[in-house]
Amino acid sequence: MNFLNSKTEIGDKKDLVKRPSAKEAEDAVRILLRWAGDDPTREGLIDTPARVVRAYNEWFAGYNQDPTEILERTFEEVAGYSEMVTLKDIRFESFCEHHLAPIIGIVHVSYIPDARVIGISKIARLVDTFSKRLQVQEKMTSQIANALQSSLKPLGTAVFVEGEHHCMCTRGVHKVNSTMVSTTFTGDFLKKQNLKDEFYRIINK
Ligand SMILES: [Zn+2]
């Protein structure tokens, strides 16, 4: 795994970030445990810093994944298929970059092929790549749409994201069950209202 850098999105210059060692990261967790008011040397917490650091490798695995690689392989033989392709109800788990609190929700992705299609699991992986990073939901929505649009070059792309922000339901205004919706449309979806309508019908919105 490449821990030193990541492409934040397609077209971005490589952003070199010096990564601390696991030991340094564990020390930082110990400080936060003390900040919370607890004693990191007590038995129940002794292995917590190492667990947190391992969990971060999973929660933020997207920094080690390149969306262009995921979308590299496309297929041309689709027997003239030219209608909308939709992957619905892709669960995502992310973290808001303002509070490091979870954002959990659902993504729906649609595109209208222009002669080429992509393996449908690649769309789910694309969602994982962008969600397993510190995020702002609006940014994640457009990153998914733009990555698909620029790699596959379909006639249009639609992305709908609905997320529950734990920074809002467990702290701050404490609004449980309110979700945030964000959308990005490109190409024909912007020009033709009937395509947008069809997309909303398919995803039951
Ligand atoms: Zn937040």
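Note that this is a predicted model, so its numbers are computed, not measured.

S.K.: Whenever I open this one, the packing of helix H1 (residues 22-36) against helix H2 (residues 48-59) confuses me. Can you help?
M.R.: To characterise two packed helices, one gives the angle between the axes of the helices and the distance between these axes. Contact pair H1 / H2: the axes reach a minimum separation of 8 Å and the direction vectors enclose 115°. In this structure, H1 meets H2 at a crossing whose hand is right-handed. Contacts between H1 and H2 involve Ala 22, Ala 25, Glu 26, Val 29, Arg 30 and Leu 33 from the first element and Thr 48, Pro 49, Ala 50, Val 52 and Val 53 from the second. Here the residues of the contact of H1 with H2 are counted per class, giving eight nonpolar, one polar and two charged.

S.K.: Can you walk me through the pairing of strand E5 (residues 102-112) in this structure?
M.R.: Within a regular strand, the side chains alternate between the two sheet faces. The element E5 is largely enclosed, with a buried count of eight among its 11 residues. Summarising the sheet, strand E4 (residues 85-96) and E5 pair through nine bridges and their orientation is antiparallel. Residue pairing for E5: Ile 90 is matched across the bridge by Val 107. Where E4 folds back on E5, the antiparallel hairpin that results is connected by five residues, among which Leu 100 adopts a positive phi of roughly 60°. Taken together, the 10 bridges between E5 and strand E8 (residues 156-165) define a ladder with antiparallel strand orientation. Residue pairing across strands places Ile 106 opposite Glu 162, the latter belonging to E8.

S.K.: What's the story with the confidence of the model for the protein in this structure? I'm lost.
M.R.: Summarising the model, the protein shows a mean pLDDT of 91, and 92% of its residues fall at 70 or more. Predicted confidence is poor over residues 1-13, with pLDDT under 50, and the contacts of this stretch with residues over four places away or in other chains come to 25 contacts.

S.K.: Got a minute to help me understand helix H4 (residues 120-131) in this structure?
M.R.: Count 3.6 residues to each turn of an α-helix, and residues three or four apart come out pointing the same way. Between its first and last C-alpha atoms H4 spans 17 Å; for 12 residues at 1.5 Å apiece the expected length is 16 Å, and the two agree. Residues Lys 122, Ile 123, Leu 126, Val 127, Asp 128, Thr 129, Phe 130 and Ser 131 constitute the buried set of H4. Those residues of H4 that are buried are in contact with helix H3 (67-70), E4, E5, strand E6 (117-118), strand E7 (134-135) and helix H5 (137-152).

S.K.: Where do I start with the pairing of E8 in this structure?
M.R.: Taken across its 10 residues, E8 has eight buried, putting it largely inside the fold. Direction of pairing for E8 relative to strand E9 (residues 180-187): antiparallel, over a ladder of eight bridges. Opposite Thr 157, over in E9, you have Thr 186 as the bridge partner.

S.K.: What's the story with the domain arrangement of the protein in this structure? I'm lost.
M.R.: How big an interface is tends to be stated in terms of accessible area lost as the parts join. For the protein, the assigned domains read domain 1 (5-59) and domain 2 (68-202). Summarising the inter-unit geometry, the C-alpha centres of domain 1 and domain 2 are found 28 Å apart.

S.K.: Whenever I open this one, the environment of Arg 116 confuses me. Can you help?
M.R.: If you trace the backbone, Arg 116 turns up in the loop between E5 and E6. In this structure, the C-alpha to C-alpha distance between Arg 116 and Leu 148, residues 32 residues apart in sequence, is 12 Å. Apart from the residues lying within four places of it in its own chain, the contact partners of Arg 116 are Thr 74, Phe 75, Glu 76 and Leu 152.

S.K.: What am I meant to see in the packing of H4 against H5 here?
M.R.: For the pair H4 and H5, the least separation of the axes is 10 Å and the interaxial angle reads 135°. On the basis of their axis angle, the class for H4 and H5 is oblique. Handedness of the crossing formed by H4 with H5: right-handed. Only Met 140, Gln 143, Ile 144, Ala 147 and Leu 148 of H5 make contact with H4, whose side of the interface consists of Leu 126, Val 127, Phe 130 and Ser 131.

S.K.: Just checking my understanding: could you explain the sheet that holds E8 for this structure?
M.R.: In any sheet, the strands associate via hydrogen bonds between backbone groups, in a parallel or an antiparallel arrangement. Within the open sheet, the five strands sit side by side as E7-E4-E5-E8-E9. Their pairing is mixed. Of all the strands in the sheet, just E7 and E9 have a single pairing partner and so form its edges. Alignment of E4 against E7, held across two bridges, turns out to be parallel. Each bridged residue has a counterpart across the sheet, and for Cys 96 the counterpart in E7 is Gln 135. The strands touched by H5 are E4, E5, E7, E8 and E9; relative to E9, the strand with the most contacts, the crossing angle is about 25°.

About the criteria used
Residues numbered from 1 in each chain as written. Predicted model: local features only at pLDDT ≥ 70, side-chain atom pairs only at ≥ 80, totals over all residues. Axes fitted to C-alpha atoms, helices over the stretch in contact; angles between N-to-C directions. Helix = DSSP H or I, 4+ residues; strand = E, 2+ residues; numbered from the N terminus. Left-handed = near helix turned anticlockwise from the far one by under 90°. Contact = placed C-beta atoms within 7 Å. Nonpolar A, V, L, I, M, F, W, Y, C, P; charged D, E, K, R; others polar. Buried ≥ 20, exposed ≤ 12 C-beta atoms within 10 Å, placed from the backbone. Pairing = 2+ DSSP bridges. pLDDT = per-residue confidence, 0-100. Expected span 1.5 Å × (residues − 1). Domains from an automatic or database assignment. Parallel < 35°, antiparallel > 145°, perpendicular 65-115°, else oblique.

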